[in-house]
Every structure is written in structure tokens, then in C-alpha cells.
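# Chain and residue survey
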Amino acid sequence: MLDDAERRAEEIMREATEEVARINARIEMDVADAYGKMQERMKQGVAVHKRKLDEDFSEEVAKLENKAKERTEAAVRYVVEQALRTEV
Amino acid sequence: MSLSPGSEAIRRRILEEANSQAERILSEASSKAEEMVRVASENAEKTRRARIEEREALVKEKIERQMAEANVDYHRRLEEKKTEAVNRVFEEVATQLSAFTAEKGYSAFLFRLIVESGVKLGGGELLLQTNGQDRDRIQAATLRKAAKTIEEKAKQKTTLELSDDAGNFSGGVIASKLGGGVFVNNTLEERLKLMQQELTKEVEAMLHGE
């Protein structure tokens, strides 16, 4: 009877040791899983940010070019005048 | 075989004791196992949280870096566009200055450039280099008039001589002291270069300012 109890106790401890090993192994999986999800979210976040910047860029360039187009003639005239100005 | 009542009692007691010892062994093993799993679970949760937090910090840093790089790139591209617009102005100025050499007012401008260069050199015996077209265009009378004007302004007797070497520039003049290394570069290209150095900020403001 005692031998049976000892054997059963050893079995209980072995099962517990196996459970501890499973728990520890699950950490790696959980961390890897969480990291994978984080990276995916990061990629999406950065992609959204870049897309927004591209949209802003196109808008800004259009504004900038329109303004520059309207003002180029005056700027050219001004620089030509300066280039042709002499000290005598 | 039957035991005596005394022996039977002893046997029962021994069995009861063995039973209770067996129960104790099992109970202790169960408690120990439960504790082992509980501690392992607690530690695992702490480790898991710490490692996830560590990864989160890494990912956050990476996101911030990538976004900052994207922002810098955005501003760099925008600046490039602004610079392109400014460069277009100076390209157009170069075209107009070059075209100006064929216009009526150019001769008078060239005269002023010669005088300005001569005055900067302080008068004296000066050599003038122009392009081939201007060399053929400048008359002796013009040179004498320019020399006289320089003389008056620089208070120094002045003679002007045209170099036989035609310069490779669209217009203007390079004046130098005869026999000396001092010279004034008053070509259209050089003037444009100076304008580009001096007026870029101003042109930027004219094009892109409020």
C-alpha cells in the first residue's frame, strides 16, 4: 500500500514537472505571438503615416508650384534688373 | 486461519496507520505539485509580461524612428521642389541675359560694365577681354570714352586695350591691369553666379513666402 502511494506520489510530481515545462514553453510562444502582432501593427501604422505624408506632399507640391508659377515672372524680372545694375 | 481478538486489533491498527501514511504521502505530493505549478505559473506570467514589455519598447522605438525618417524625407523632398523652382528662375534669368546681348540696350550696358570694372581696378593701363562678337562691336571711340570716364572717376590716367583672345562667355567683360594679376570678372555668367549667391534667399521668399 505504501509502495503504491510512493509510486503515485512520484507520478504526481512527474506530471507537475511536465506541466511546469509546458508553462515555460508557452511563454516563448506567447511572446513570439505578441511580438508578431506588434510588428504587424507597426507596419500598418507606418504605412498609414507614409501614405498620409504622400498625400500631403502631393497637395503641398501642387500649392507650391501654383504659387511659384504665378510669381516666377516677377522673380526673374527682379533678378535680371539686379544683374544689369551697375555701380556707375 | 483466524487471529485472536488481540492480534486482529493490532493488524487493523497497522493497516489504519499504513493507510493514513499513504494518504499523507499522496496529500503532500499533491500539495507540493500544486505549489510547484502555482509558482511556475506566477513566474511565467511575470516573465511573459516583462518580455512583452521589452518587445513593445523595441517596436515603439522602431516605429518612432521610421516615422521620424519618413517626416525628414517628406521635408527633404519638399525642399527639393522649392529649390527646383528657384533654379528655374535662375535658368530663365540666364536665358534672358543671354538674349539681352542681342538687344539694343546691351552696348550701353557693356560700356557701363567696362567703366565699372576699370573704376574697381583704380584705372591705369587696362586690358579688356570680351567675347568675339563684343570685340568686333566695340569701337575705338567707345574705348576712349570709357577710358576718360574711368580716369575721371578713379582720378588716374587710364588707357584701355582690347585683348586679342576672345573669351568664352555670353557677354560682359574681364578687365585686368596690364602686367599685373589683378582682374575684375564682369561677365554675364559671373554676374549671374553672384546674383545666385546673393539673391537665392530673396527669390525663395518671393516664390514661396506668404
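What you see is a predicted model, and the numbers here were worked out from it, not measured in a lab. (Residues numbered from 1 in each chain as written. Chains lettered and ligands numbered in written order. Predicted model: local features only at pLDDT ≥ 70, side-chain atom pairs only at ≥ 80, totals over all residues. Heavy atoms only, no water.)

### Looking at the overall build of chain A
A tally of regular secondary structure across chain A gives one helix and zero strands. Here the C-alpha atoms of chain A give a radius of gyration of 37 Å, more than 25% beyond the 12 Å that 2.2 N^0.38 yields for 88 residues. Based on the C-alpha atoms only, the size of chain A along its principal axes is roughly 125 × 30 × 5 Å. In the structure as shown, chain A presents an accessible area of about 5900 Å², 49% of it carried by carbon and sulfur atoms. Both charge centroids of chain A, one from 17 positive and one from 22 negative side chains, sit 8 Å from each other. (Helix = DSSP H or I, 4+ residues; strand = E, 2+ residues; numbered from the N terminus. Rg over C-alpha atoms; globule rule 2.2 N^0.38 Å. Areas by Shrake-Rupley, 256 points an atom, 1.4 Å probe, with all protein chains shown as cover. Lys, Arg positive; Asp, Glu negative; His and termini not counted. Charge placed at Lys NZ, Arg CZ, Asp CG, Glu CD.)

### Describing the overall build of chain B
Within chain B, the regular secondary structure consists of five helices and four strands. Ordered by position in the sequence, the α and β elements of chain B form the string α-α-β-α-α-β-β-β-α. The C-alpha atoms of chain B give 49 Å as radius of gyration, which overshoots the globular expectation for 210 residues (17 Å, by more than 25%). When the 210 residues of chain B are sorted by exposure, 32% land in the buried category. Taking the intrachain contacts of chain B between residues at least 6 apart in sequence as the baseline, contacts between residues at least 24 apart amount to 77%. Carbon and sulfur atoms make up 51% of the accessible area of chain B, which totals about 13000 Å². Looking at charge distribution, chain B has the averaged site of its 34 positive side-chain charges lying 2 Å from that of its 37 negative ones. (Buried < 20%, exposed > 50% of the residue type's maximum accessible area, 1.4 Å probe, protein only. Contact = heavy atoms within 4.5 Å.)

### Describing the confidence of the model for chain B
When the pLDDT values of chain B are averaged, the result is 95; 100% of them are 70 or greater. The ipTM for the predicted assembly is 0.83, set against a pTM of 0.79. (pLDDT = per-residue confidence, 0-100.)

### Observations regarding helix 5 (residues 188-208) of chain B
Approximately 60° is the largest bend angle found in helix 5 of chain B, and it occurs at Leu-199 of chain B. If you follow the buried residues of helix 5 of chain B, they end up packed against helix 1 (2-84) of chain A together with helix 1 (5-100), helix 2 (106-120), strand 3 (172-177) and strand 4 (183-187) of chain B. (Bend = angle between axes of the 7 residues up to and from the residue.)

### Some remarks on the interface of chain A and chain B
If you look at the interface, chain A gives 52 residues, while chain B gives 61 residues. Between chain A and chain B lies a buried interface of about 5300 Å² when both sides are counted; carbon and sulfur atoms form 77% of it. Across the chain A-chain B interface, the total number found is three salt bridges. Between Lys-120 of chain B and Glu-87 of chain A there is a salt bridge, and its shortest N-O distance comes to 3.8 Å. Where chain A touches chain B, the interface holds 14 residue pairs in polar contact (both at pLDDT 80 or more). (Buried area = accessible area lost by both parts, 1.4 Å probe. Salt bridge = Lys/Arg side-chain N within 4 Å of Asp/Glu carboxyl O. Polar contact = N/O pair within 3.5 Å; in protein donor to acceptor, adjacent residues only side chain to side chain.)

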